[in-house]
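Inside the fold
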Amino acid sequence: MNLYLRYFDRETLVSTVDDAIDFLRSIDEIEVDPELEADIREYVASDVFYPKRYKIHPRVYFIIIKTDASTMQDFKEKKAVHTPENPLPKHASPVLNRLTEICPGWYEGTLDFKRVLMVPGTGKFQYRDTEFTARVKAESGLDCYERIVEHLRERVDDRSQFPSAKGKNFKFRYLGKAKM
């Protein structure tokens, strides 16, 4: 396992944490204190393969990337990119997989949406954040979302805005199988 480090146009590919810290110490703008050194050593020892970014000044960072590349050219050509052991298909995300997983039964869905309401006294309309929770019989999380939105569309102003099922404003949980 090697480490790629970059600070603006200065970059290196090293094989040890000590070499990485020596590279950082050679840059005048970066102050390598014991806390930073310990954090870098902890990152390198961890199983995390995401790049790590360290803040030097406001909007100024250096980056460390773990790589299997043995040379800078291999790294630049992305010949040694680390892939997880059980990769998901490129088009699927864990949230989307969970949302579309077929599991018939009862679901509890919570939807935060923008509801259009008339302001008493003025007769004008405004958007108001509204949370709606319902328990529905559905085939999947997505089916739960669609049933809740269908129910609300019949009962609220047409100008109300509903979030995407994939976003943070819709949450659901499976309650159990439905009795036949």
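Residues numbered from 1 in each chain as written. Predicted model: local features only at pLDDT ≥ 70, side-chain atom pairs only at ≥ 80, totals over all residues. Heavy atoms only, no water.

**Quick look at the overall build of the chain**
Rules: Secondary structure elements are taken from DSSP: a helix is a run of H or I of four residues or more, a strand is a run of E of two residues or more, and numbering for both begins at the N terminus. For every residue, the accessible area obtained with a 1.4 Å probe (protein chains only) is divided by the maximum for its type, and the residue is called buried under 20%, exposed over 50%, and partly exposed between those limits. Throughout, a contact is declared for two residues whenever any of their heavy atoms are within 4.5 Å.
Along its length, the chain carries five helices and seven strands. Taken across its 180 residues, the chain has 34% of its residues classed as buried. Taking the intrachain contacts of the chain between residues at least 6 apart in sequence as the baseline, contacts between residues at least 24 apart amount to 53%.

**As for the side chain of S160**
Turning to its location among the elements, S160 is positioned in the loop between α5 (141-153) and β7 (170-176). Taking the relative accessible area as the measure of exposure, S160 reaches 6% and is therefore buried. If near-sequence neighbours (up to four positions away) are discounted, S160 is found in contact with F113, K114, R115 and V116.

**Comments concerning the pattern of salt bridges**
So the rule is basically this: Each salt bridge in this description consists of a side-chain nitrogen of Lys or Arg and a carboxyl oxygen of Asp or Glu lying within 4 Å of one another.
Counted under the stated rule, the structure contains 11 salt bridges. Note that E154 and R155 form a salt bridge whose closest N and O atoms lie 3.2 Å from each other. Given a relative accessible area of 58%, E154 falls into the exposed group. Residue R159 is joined to D157 by a salt bridge in which the shortest nitrogen-to-oxygen separation is 3.0 Å.

**Brief notes about α5**
We apply this condition: Expected helix span is computed as 1.5 Å times (number of residues minus one).
Relative to the 18 Å expected for 13 residues at 1.5 Å per residue, α5 spans 18 Å between its end C-alpha atoms, a close match to the ideal helical length. Considered for burial, the residues of α5 that qualify are G141, D143, C144, Y145, I148, V149 and L152.

**A look at unusual backbone geometry**
For F8, which is not glycine, the phi torsion reads 50° and is therefore positive. The exposed category is assigned to F8, whose relative accessible area is 57%. Of note in this structure, R59 is not a glycine but carries a positive phi near 65°. Positionally, R59 belongs in the loop between β3 (52-57) and β4 (60-67). A relative accessible area of 76% places R59 in the exposed class.

**Focus: the pairing of strand β6 (residues 125-138)**
For clarity, the threshold we go by: Only when DSSP finds a minimum of two bridges between them are two strands counted as paired.
In this sheet, β6 lies alongside strand β5 (residues 105-118) in antiparallel orientation, the contact comprising 14 bridges. Counted as the bridge partner of W106 is K137 from β6.

**Section: the environment of E101**
Structurally, E101 can be placed in the loop between α4 (94-100) and β5. Residues E101 and G141 lie 40 residues apart in sequence; the distance between their C-alpha atoms is 7.3 Å. Apart from the residues within four sequence positions on either side, E101 is in contact with Y107, E139 and S140.

**Points about the sheet that holds β3**
This is how it is decided: Angular values range over 0 to 180 degrees, each being the angle between N-to-C directions of two axes fitted as lines to C-alpha atoms, with helices fitted over their stretch in contact.
Spatially, the four strands line up as an open sheet ordered β2-β1-β4-β3, and their pairing is antiparallel. Only two strands of the sheet have a single neighbouring strand rather than two, namely β2 (10-14) and β3. Pairwise comparison of adjacent strand axes, ignoring direction, gives a mean angle of 15° for this sheet. Taken together, the five bridges between β3 and β4 define a ladder with antiparallel strand orientation. Opposite K52, over in β4, you have I64 as the bridge partner.

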